[in-house]
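Listed here are the chains, written in short residue letters.
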Amino acid sequence: MNLADARTALARARRVAVLTGAGISAESGIPTFRDAQTGHWARFKPEDLASPDAYFRDPELVWDWYAGRYRDVMAAMPNAGHNLLAQMEQEKGDGFFLATQNVDGLHARAGSKRLVELHGNLTTARCEVCHRVEDLPAPQDFTPPPTCATCGGRMRPNIVWFGEFLPEAALEAAADAFAAADVALIIGTSGVVYPAAGLAFETLDRGGTVIEINPTETDLTPRLSFSVRETAARGLELLLGA
Ligand code: NAD
Ligand code: ZN
């Protein structure tokens, strides 16, 4: 398959399923985990902060990190990649589905609606006692940790941490959408980690086309129908003829 074939397949597809990872937000200035942490945080690896153990040991430290990431994403804007996916949803309607591993909330801010956030998001918190989910206050009004409006309990970041399970309903919806897809797009994700690989094979195993957009080759590349070796925004522009 070449770029022209990939464009035709995408244009003709009635069902399109998309998976995005940290790479699609790189052009909004949000670092991927492979980019080094900066300043004070350079002493920590994300794996040592994004875990139930880390939170149990030092909730204040973990909340400070998330509060900083929350400020950073609220100061960032969705980029052309997020916007083109929101536009594709308008065009494909019911046949469109977007699953993201990102926690930055940028797809929702770009207007995507048929969206599942497999790893939660930075813009909400979840009560440790009654599990209620609430939006965080605006960054300038926010001092962590937030407390639950219903029960007064401490709230934790609404993120799926290392060692925790992905939300089952969201994952099932994603698997169904990828199984039914004529064309699936895997954008800005290294593809080594579940569920990226699993979702791509849901589509491939049923004869669908899977197109990757990533400036770098990934472990998935050899198995996929076609790879666009570009950034997310440029790759989507090429595929959509925008
Ligand atoms: P990852 O494993 O998804 O890898 C990032 C991928 O993006 C790499 O394959 C890289 O080649 C690609 N990439 C880099 N720049 C790109 C661009 N401009 N366009 C398209 N692709 C590009 O992500 P990770 O950073 O290792 O993160 C691991 C986990 O943490 C994932 O769940 C990830 O989504 C999450 N995370 C989320 C955010 C966010 O919400 N923005 C940021 C960091 C990490
Ligand atoms: Zn509560």
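Residues numbered from 1 in each chain as written. Chains lettered and ligands numbered in written order. Predicted model: local features only at pLDDT ≥ 70, side-chain atom pairs only at ≥ 80, totals over all residues. Heavy atoms only, no water.

You'll find the protein entered in an unreviewed UniProt entry as NAD-dependent protein deacylase, with Deinococcus arenicola given as the organism. The Subcellular location (unreviewed entry) field of the UniProt record for the protein holds the comment "Cytoplasm". (UniProt positions renumbered as here; feature names shortened; annotations may be inferred.)

Visitor: When you look at the overall build of the protein in this model, what are you seeing that I'm missing?
Guide: Each helix and strand counted, the protein has nine helices and nine strands in total. Here the C-alpha radius of gyration of the protein, 18 Å, is about what a compact globule of 242 residues would show, namely 18 Å. Oriented by its inertia axes, the alpha-carbon framework of the protein measures out at about 55 × 35 × 30 Å. For the protein, buried positions account for 50% of its 242 residues. Taking as baseline every contact in the protein between residues at least 6 positions apart, the subset at least 24 positions apart corresponds to 63%. As presented, the protein carries roughly 11800 Å² of accessible surface, and 50% of it is formed by carbon and sulfur atoms. (Helix = DSSP H or I, 4+ residues; strand = E, 2+ residues; numbered from the N terminus. Rg over C-alpha atoms; globule rule 2.2 N^0.38 Å. Buried < 20%, exposed > 50% of the residue type's maximum accessible area, 1.4 Å probe, protein only. Contact = heavy atoms within 4.5 Å. Areas by Shrake-Rupley, 256 points an atom, 1.4 Å probe, with all protein chains shown as cover.)

Visitor: Looking at this structure, how should I read the coordination of the zinc ion (ligand 2)?
Guide: For a metal bound by four donors in tetrahedral geometry, the ideal donor-metal-donor angle is 109.5 degrees, whereas six donors in octahedral geometry ideally sit at 90 or 180 degrees. The protein atoms that coordinate the zinc ion (ligand 2) are Cys127 (SG), Cys130 (SG), Cys148 (SG) and Cys151 (SG), at distances spanning 2.3 to 2.4 Å. Here the zinc ion (ligand 2) binds four donor atoms, and the angle range of 99 to 120° at the metal identifies the geometry as tetrahedral. Mapped onto the sequence, the residues coordinating the zinc ion (ligand 2) show the spacing C-x2-C-x17-C-x2-C. Of this pair, Cys130 sits in the loop between β4 (120–127) and β5 (133–135) while Cys148 sits in the loop between β5 and β6 (155–159), and the two are 18 residues apart along the sequence. (Donors = N, O, S within 2.8 Å, 3.2 Å for Na, K, Ca; no water. Tetrahedral: all angles 85-135°; square planar, octahedral: opposite > 155°, others 65-115°.)

Visitor: I tried to follow helix α8 (residues 196–204) on my own but got confused; where do I start?
Guide: An α-helix turns once every 3.6 residues. As a result, residues three or four positions apart point the same way. Those residues of α8 lying buried are Ala196, Ala197, Leu199, Ala200 and Thr203. Here the buried residues of α8 occupy an arc of 165° about the axis, which is enough to place them on one side. Contact partners of the buried residues in α8: β1 (16–20), α7 (168–180), β7 (183–187) and β8 (209–213). (Arc of directions from axis to C-beta.)

Visitor: I'm lost on the environment of Glu237 in this one. Help?
Guide: Here Glu237 lies in helix α9 (residues 232–240). Distance from Glu237 to Leu84, taken between C-alpha atoms, is 7.8 Å for residues 153 residues apart in sequence.

Visitor: So what exactly am I meant to see when it comes to the site of ligand 1 here?
Guide: Taken together, 23 residues lie near ligand 1, and Phe33, Val103, Asp104, Ser190 and Asn214 sit nearest. In this structure, an oxygen atom belonging to ligand 1 sits 2.7 Å away from a side-chain N or O atom of Asn214. Its free accessible area being 830 Å², ligand 1 has 86% of it covered by the protein chains. In terms of residue count, helix α2 (residues 23–26) provides more of the shell around ligand 1 than any other element does, three residues in total. Residues of the shell around ligand 1, tallied by class, amount to eight nonpolar, 12 polar and three charged. (Near = heavy atom within 4 Å. Polar contact = N/O pair within 3.5 Å; in protein donor to acceptor, adjacent residues only side chain to side chain. Nonpolar A, V, L, I, M, F, W, Y, C, P; charged D, E, K, R; others polar.)

Visitor: Teacher, can you tell me more about the packing of helix α1 (residues 3–12) against α9 here?
Guide: Where α1 contacts α9, the axes come no closer than 8 Å and their chain directions differ by 75°. Our classification of the angle between α1 and α9 gives roughly perpendicular. From α1, Leu3, Ala6, Arg7 and Leu10 reach across to α9, where they touch Leu238, Leu239 and Leu240. Its residues placed into classes, the contact of α1 with α9 shows six nonpolar, no polar and one charged. (Axes fitted to C-alpha atoms, helices over the stretch in contact; angles between N-to-C directions. Parallel < 35°, antiparallel > 145°, perpendicular 65-115°, else oblique.)

Visitor: Would you mind showing me how to read the domain arrangement of the protein here?
Guide: How big an interface is tends to be expressed through the accessible area that disappears when the partners come together. Parsing the protein into structural domains produces domain 1 (3–30 + 78–119 + 166–240) and domain 2 (34–75 + 120–159). Averaged C-alpha coordinates put domain 1 and domain 2 at centres separated by 27 Å. The interface of domain 1 with domain 2 comprises 10 residues on the first partner and 11 residues on the second. Both sides together, the interface formed by domain 1 and domain 2 hides about 760 Å², and carbon and sulfur atoms give 48% of it. Considering only the surface of domain 1 that becomes buried against domain 2, Val103, Arg109 and His119 emerge as the three largest contributors, covering 54% of it. There are four residue pairs in polar contact (both at pLDDT 80 or more) connecting domain 1 and domain 2. Split by residue class, the side of domain 1 that touches domain 2 holds four nonpolar, three polar and three charged. (Domains from an automatic or database assignment. Buried area = accessible area lost by both parts, 1.4 Å probe.)

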